[in-house]
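Listed below, chain by chain, are the residues.
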Amino acid sequence: MKIQAWLALPAALCPMFLAAPLLLVAPTAQAANADGLYLGVGTGFSSLKNDDGDVGDFIESGSDDFDIDDDDDNVYKAFVGYEYNRYFATEAFYADLGKTRLEGNDGSSADLESQAYGLSLVGKLPVTDWLELFAKAGMAKWKTDVTGHLDSASAHMDDNDGIDPVYGAGAQLNFRPLLVRAEYERYDFDSDYQVDSFTASVGWMF
């Protein structure tokens, strides 16, 4: 796993903990006003949950004569949502899920690069006026592009796309108007290709 990817998440989370003492003086009235538009951006890392045979089926390579050399990469995401109350919101999102590198036994290689966008329903559990836990479920329109080649494959490799579930959970600090969030998401492209995403985000509530 890339060291940079592991470092990205803790570095992004530092402001969450450094700013926590400020919450003690945050007005309760602001926290109670939990409705309206919000947006944010985040970064982190992804991890593929499938083995070589699954990936070979996913890209229809006709062969599993390769190794997954690197299945962890940086993730970049953006989201915009509307909070109806302290317990329920909807979010539209876009995520660049990075790439997975395949190494053929003959020295050839190929990259699988994935992006997704869609809509999720978000259920929230307020813990305090400034801290909430959340879970989400939705649908993502995704696309995986294959670049490079594997000479060992008996057939060409195909790009792939579809519409499938995405779900996740996380925690959010509400500084109002600033928000800071850490979350896990599973992009369930199909049984042969499932990507886990771990991100930290900052955003703004209107």
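Residues numbered from 1 in each chain as written. Predicted model: local features only at pLDDT ≥ 70, side-chain atom pairs only at ≥ 80, totals over all residues. Heavy atoms only, no water.

How should the packing of aromatic side chains be read in this particular structure?
Each aromatic ring pair is described using two quantities: the centre-to-centre distance and the angle formed by the ring planes. On inspection of all chains with the given rule, the structure shows eight aromatic pairs. Arranged with centres 5.4 Å apart and planes meeting at 20°, the rings of Y84 and F88 form a pair that is stacked. By relative accessible area, Y84 is classed as partly exposed at 44%. Taking 6.4 Å as the distance between ring centres and 70° as the angle between the ring planes, the aromatic pair formed by F93 and Y187 counts as edge-to-face. Remark: Y187 occurs in strand β8 (residues 178-190) and F93 occurs in strand β4 (residues 88-104); sequence separation between them is 94 residues. Grouping residues by exposure puts F93 and Y187 together as buried. Ring pairing ties together the aromatic residues F45, Y184 and F198, which thus form one cluster. For R181, the ring lying beneath its charged end belongs to F79, and the centroid distance is 4.5 Å. Lying across the ring of F134, R181 places its NZ or CZ 4.7 Å from the centre. (Phe/Tyr/Trp six-rings, centres within 6.5 Å; stacked < 30°, edge-to-face > 60°. Buried < 20%, exposed > 50% of the residue type's maximum accessible area, 1.4 Å probe, protein only. Helix = DSSP H or I, 4+ residues; strand = E, 2+ residues; numbered from the N terminus. Lys NZ or Arg CZ within 6 Å of the ring centre and 35° of its normal.)

Any chance you could explain the nonpolar core here in plain terms?
Soluble globular proteins tend to pack their nonpolar side chains together in the buried interior. Grouped together as the largest cluster of nonpolar side chains are 30 residues, with contacts concentrated most on L112, Y187, F189 and Y193. Every element with two or more residues in this core is listed here: β1 (36-48), α3 (52-58), β3 (72-85), β4, β5 (109-126), β6 (131-149), β8 and β9 (193-205). In this structure Y193 touches L48, N50, V55, F58, T100, L112, S114, T144, Y187 and D188, once residues within four positions along its chain are discounted. (Core = buried A, V, L, I, M, F, W, Y, C linked by side-chain atoms within 4.5 Å. Contact = heavy atoms within 4.5 Å.)

What exactly am I supposed to notice about the environment of E113 here?
In this fold, E113 is placed in strand β5. Counting along the chain gives 40 residues from E113 to D73, while the straight-line C-alpha distance between them is 9.9 Å.

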